[in-house]
Amino acid sequence: MLTLPLVAATPAHAQARGVGVVGVDAAIQQTTAYQAAVAQIQSTYAAQIQQAQTRAQALQAELLPLQQAAQAAQQANPNAQTPPAAVTTFTQRRQAAEQELATLNRPVTLAQQYVREQIAIHFNDSLEAAMTASNVDLVLEPNAVAALAPNTAANITPAVTTQLNTRVPSVQAIPPAGWNPGDTLRAAQAASQATTAQPEGR
């Protein structure tokens, strides 16, 4: 996924009217469009989701004894210069299992990313509107905050979600053939640049 820009309207050293905190993923995932699309994805890909879950359980059962053997081998020879054969076997099989599950889950993962990007292209405009409505000049991400009181007005994530709901009431749940992560964001950026580059009419 392409990283979404997070707007900070003023430098950190400037005098800000207020400081807000926004969780980008939370703001997007709480939108009506996202939740409705995810429900459609779960229905459309129900068979693939069930297949992946069943396979994950089988792989977990297969990997458990290999993991136990690898742990036992490490404990028996903790100073080994090269990994014991049991460790190598477990590592290789685990990587293969992860790749297999990723392949099984790819249709669902791709659809979720497609939904997220359709909403994300409106994120900055929604953030700016929420900042104005909340009288906030500076926005931080949650991981940049040491502590945040419950239900504090500084958390403007719900305000951003409200703005997103206005701008994006619904989205397509199933990506078109050939769609890849980042395509929607790149297309939106290209369209914005093309609009900006157009000369003014006479």
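What counts and what doesn't
- Residues numbered from 1 in each chain as written.
- Predicted model: local features only at pLDDT ≥ 70, side-chain atom pairs only at ≥ 80, totals over all residues.
- Heavy atoms only, no water.
- Core = buried A, V, L, I, M, F, W, Y, C linked by side-chain atoms within 4.5 Å.
- Buried < 20%, exposed > 50% of the residue type's maximum accessible area, 1.4 Å probe, protein only.
- Helix = DSSP H or I, 4+ residues; strand = E, 2+ residues; numbered from the N terminus.
- Arc of directions from axis to C-beta.
- Salt bridge = Lys/Arg side-chain N within 4 Å of Asp/Glu carboxyl O.
- pLDDT = per-residue confidence, 0-100.
- Contact = heavy atoms within 4.5 Å.
- Phe/Tyr/Trp six-rings, centres within 6.5 Å; stacked < 30°, edge-to-face > 60°.

**Quick word on the nonpolar core**
Reasoning step 1: Formed by 28 residues in total, the largest nonpolar core has its most connected members in I28, I119, F123, L127 and V160.
Reasoning step 2: Of all the secondary structure elements, the ones that give two or more residues to this core are α1 (24-29), α2 (32-44), α4 (85-120), α5 (123-133) and α6 (157-167).
Reasoning step 3: Core analysis: the second largest hydrophobic core is formed by six residues, L59, V87, F90 and A97 among them.

**Let's talk about α5**
An α-helical turn contains 3.6 residues, so any two residues separated by three or four positions project in the same direction.
Reasoning step 1: All buried positions along α5 are accounted for by F123, S126, L127, A130 and M131. Down the axis of α5, the sector holding all buried residues measures 135 degrees, keeping them to one side. For α5, the exposed residues lying more than 90 degrees away from the buried face are T132 and A133.
Reasoning step 2: N135 sits one or two positions beyond α5 and adopts a positive phi of about 60 degrees.

**Let's talk about the pattern of salt bridges**
Reasoning step 1: Taken as a whole, this structure holds four salt bridges when the rule is applied.
Reasoning step 2: In this structure, the salt-bridge partner of D183 is R186, at a minimum N-O distance of 3.0 Å. One end of the pair is D183 and the other is R186, both in helix α7 (residues 183-197) and three residues apart, which spans about a single turn.

**Thoughts on the confidence of the model for the protein chain**
Reasoning step 1: Confidence along the protein chain averages 89 in pLDDT terms, with 89% of residues attaining 70 or more.
Reasoning step 2: Highest mean pLDDT in the protein chain belongs to α2 (98); lowest belongs to α7 (88).
Reasoning step 3: Note on residues 5-16: pLDDT is under 50 here. Beyond four places in sequence and across chains, it has 23 contacts.

**A short note on the packing of aromatic side chains**
The description of an aromatic ring pair rests on the distance of the ring centres and on the angle between the ring planes.
Reasoning step 1: Per the counting criterion, the structure on display carries one aromatic pair.
Reasoning step 2: Taking 5.1 Å as the distance between ring centres and 70 degrees as the angle between the ring planes, the aromatic pair formed by Y114 and W179 counts as edge-to-face. Of this pair, Y114 sits in helix α4 while W179 sits in the loop between α6 and α7, and the two are 65 residues apart along the sequence. Side by side, Y114 and W179 carry an identical accessibility label, which is buried.

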